[in-house]
Amino acid sequence: MEEHELTAVLEAVLFVSGEPMSLEDLAEVLEGTDSERIRQALEHLRQNYESAGRGLQMVEVAGGYQIATRPECSPWIRSLEKIKTATRLSRSGLETLAIVAYKQPVTRGEIEAIRGVDSAYVLKTLLERRIVKIVGRREGLGRPMIYGTTREFLQYFGLKDLSELPALKEFKEVAETLPEHEPIHEPAGDMTH
Amino acid sequence: MEEHELTAVLEAVLFVSGEPMSLEDLAEVLEGTDSERIRQALEHLRQNYESAGRGLQMVEVAGGYQIATRPECSPWIRSLEKIKTATRLSRSGLETLAIVAYKQPVTRGEIEAIRGVDSAYVLKTLLERRIVKIVGRREGLGRPMIYGTTREFLQYFGLKDLSELPALKEFKEVAETLPEHEPIHEPAGDMTH
Amino acid sequence: MDDLQTSYAVKLPAFEGPLDLLLHLIKKNEVHIYDIPIALITRQYLEYLDLIKSLNLAVAGDFLVMAATLIHIKSKMLLPPSETDEEEEDEDPRTELVMRLLEYQRFKDAAQGLEAREQEWREVFHRPVSLGSGEPTDEINLVDLSLFDLLEALRGVMQRAPEKKDLEIVVDALSVQERMGLILDRLDAQESITFASLFDDDTTRLAMVVTFLALLELIRLKRLRILQTELFGAIRIWKSTSLQPF
């Protein structure tokens, strides 16, 4: 297959797939094609999308490649009737998810120790949204279930993999930001930072 | 909106929509944009898709415009669909799998008694996906085949062995908790801002 | 706390929990995290809880536990330094709480980072996953399967099943292994039992199947003997004598 044919096939395959496809997935579809060639063709495709007048982009997310729209176009896409945007995560959801993401695999007890509140319900919501999953059991007393993040988590936040999560702040750093953090009174519902 | 911006927005909108959109539909989305300009931008987009290395095309069907893959790419699209089908599981498949996992070793008759429906096809799918296997025959009348889960099953679910499967009771803890800890206030408005 | 007291209930700041409330008070009073004026903060914390109670809202247990912790720390700080216990002398009673607050704040910050990414990524759309027909399906990719899916599916079956109540017992508790144990237990208490009485407690076909399988297994293992004393007469089951100590 010629280079431009390969690029064309990759565009068509990614278009139909709808979800991120890894190099291995693509090599399987394009049986017999060298993955280095696929990688190059993907790079070529990405550059094509960078030119003026394009509404699409190539993104790398959850260990794969995906065609997605450019953020500038979102106001018009939102006005499409069929577009149902997922509900945003609640503050407690984000808090719990942050703990799961950075400390995984983690038990419910460990999450609750950090948050200082019962977290069963939040955890259930995250499980239902498939952003978090049960990944096994912790050895030891009671063998509690342990939780981790999913592929859906990476997709929801547009992360290539977990290493793309920004580093957790050190205690010292956190302490320094605390006193002059923000003017104090924040009315409920407005959590602006 | 500049010509190239309009083209970009149209591409993004048609990409997400996935179905044919008429000039009127598009004019509604692009509120305030003259349909003649939209028609021109669509023509422009169509020409873009004609250049080498593109796997997509603009088609006019059912009185509307739609982005679709080029026919030359269809062998790979079929290959993609085959692979995707082989790695997906339907709801009924999941149900049957759940019964096998928790009641193994189990016969087809026993599965059907629980599900209340014929399960031969679903069971076949699970066997093909190598999540379930035949583990022997039950002694007694008719010596029916008995089914159990495979090593792949454990891998998919990240389990070391079957004893790590959560008990139904444990699951209820996770899944049926009510928000007993709605914090002390009635949240006003949108907590996620 | 004036702003709180003049507010209507729904205007109260939303706190995720006691740690969140404490961090709020620390920021509000502009005190240093490593030198929390525990008396002041405790007073304000308790005022907040009183306010909640006065508005007839339930105070969650976690907030009460923290109140107790604060009072305990306060009392410890009022005590003169112990002369006998040298190890405890240098220990600031606030240390553990400060560590918890900082740890919690780390994840609050991380959550904000996630929120920013969420915001950004919400502007990016992709095509709905479809297979062949172009119709979105409710199928799950094998690599995305989780135990939650499995259990949800199981729960779905059980809710739909006509014999729901019995099935729950079946799936939860009934195994051939356990049923084998039960049969042997009964034969410890009685010398022999009738075949029919084995199924007395079985309310579903499936339970009967399990019992029957258990029986077959015990016979295969030569743990039981079955005798029918006359044609069409009752079948009786004994424990296998060969296993008896005499």
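Residues numbered from 1 in each chain as written. Chains lettered and ligands numbered in written order. Predicted model: local features only at pLDDT ≥ 70, side-chain atom pairs only at ≥ 80, totals over all residues. Heavy atoms only, no water.

Draft legend 1. A look at the overall build of chain C. Scanning chain C from terminus to terminus reveals 10 helices and 4 strands. The order of α-helices and β-strands along chain C, N terminus first, is α-α-α-α-α-α-β-α-α-α-β-α-β-β. By residue count, 43% of the 246 residues in chain C fall in the buried class. The long-range fraction of contacts in chain C, counting pairs at least 24 apart against all pairs at least 6 apart in sequence, stands at 57%. For chain C, the computed accessible surface area is about 13500 Å², with 53% contributed by carbon and sulfur atoms. (Helix = DSSP H or I, 4+ residues; strand = E, 2+ residues; numbered from the N terminus. Buried < 20%, exposed > 50% of the residue type's maximum accessible area, 1.4 Å probe, protein only. Contact = heavy atoms within 4.5 Å. Areas by Shrake-Rupley, 256 points an atom, 1.4 Å probe, with all protein chains shown as cover.)

Draft legend 2. Representation of the sheet that holds strand E4 (residues 132-137) of chain A within the structure. Residues and elements named next belong to chain A. On the basis of which strands lie adjacent, the open sheet formed by 3 strands has the order E3-E5-E4 and antiparallel pairing. Whereas interior strands pair on both sides, the edge strands pair on one side only; in this sheet they are strand E3 (106-107) and E4. Two elements, E3 and strand E5 (residues 145-149), share 2 bridges in a ladder whose sense is antiparallel. When the bridges of E5 are listed, Val 106 appears paired with Tyr 147. (Pairing = 2+ DSSP bridges.)

Draft legend 3. A look at the packing of aromatic side chains. Residues and elements named next belong to chain A. On inspection of all chains with the given rule, the structure shows 5 aromatic pairs over all chains. Seen from their ring centres, Phe 153 and Phe 157 are 5.2 Å apart, and the 55° between their planes marks the pair as tilted. Of this pair, Phe 153 and Phe 157 are both found in helix H8 (residues 151-157), 4 residues apart, which corresponds to roughly one turn of the helix. For the pair Phe 153 and Phe 157, a shared accessibility class is recorded, and that class is buried. Considering the side-chain rings of Tyr 156 and Phe 157, the 4.9 Å spacing of their centres and the 90° angle between planes classify their relative orientation as edge-to-face. (Phe/Tyr/Trp six-rings, centres within 6.5 Å; stacked < 30°, edge-to-face > 60°.)

Draft legend 4. The domain arrangement of chain A, seen in detail. Residue and element names in this part refer to chain A. Segmentation of chain A into domains returns domain 1 (3-73) and domain 2 (87-177). For domain 1 versus domain 2, the distance between C-alpha centres works out to 31 Å. Both faces combined, the contact of domain 1 with domain 2 buries some 530 Å², and carbon together with sulfur accounts for 53% of it. Per-residue buried area on domain 1 facing domain 2 is highest for Glu 60, Val 61 and Ala 62; these three make up 68% of the total on that side. The interface formed by domain 1 and domain 2 includes 2 salt bridges. Applying the counting criterion to the domain 1 and domain 2 interface returns 4 residue pairs in polar contact (both at pLDDT 80 or more). Residues belonging to the side of domain 1 that touches domain 2 are distributed by class as follows: 3 nonpolar, 2 polar and 2 charged. (Domains from an automatic or database assignment. Buried area = accessible area lost by both parts, 1.4 Å probe. Salt bridge = Lys/Arg side-chain N within 4 Å of Asp/Glu carboxyl O. Polar contact = N/O pair within 3.5 Å; in protein donor to acceptor, adjacent residues only side chain to side chain. Nonpolar A, V, L, I, M, F, W, Y, C, P; charged D, E, K, R; others polar.)

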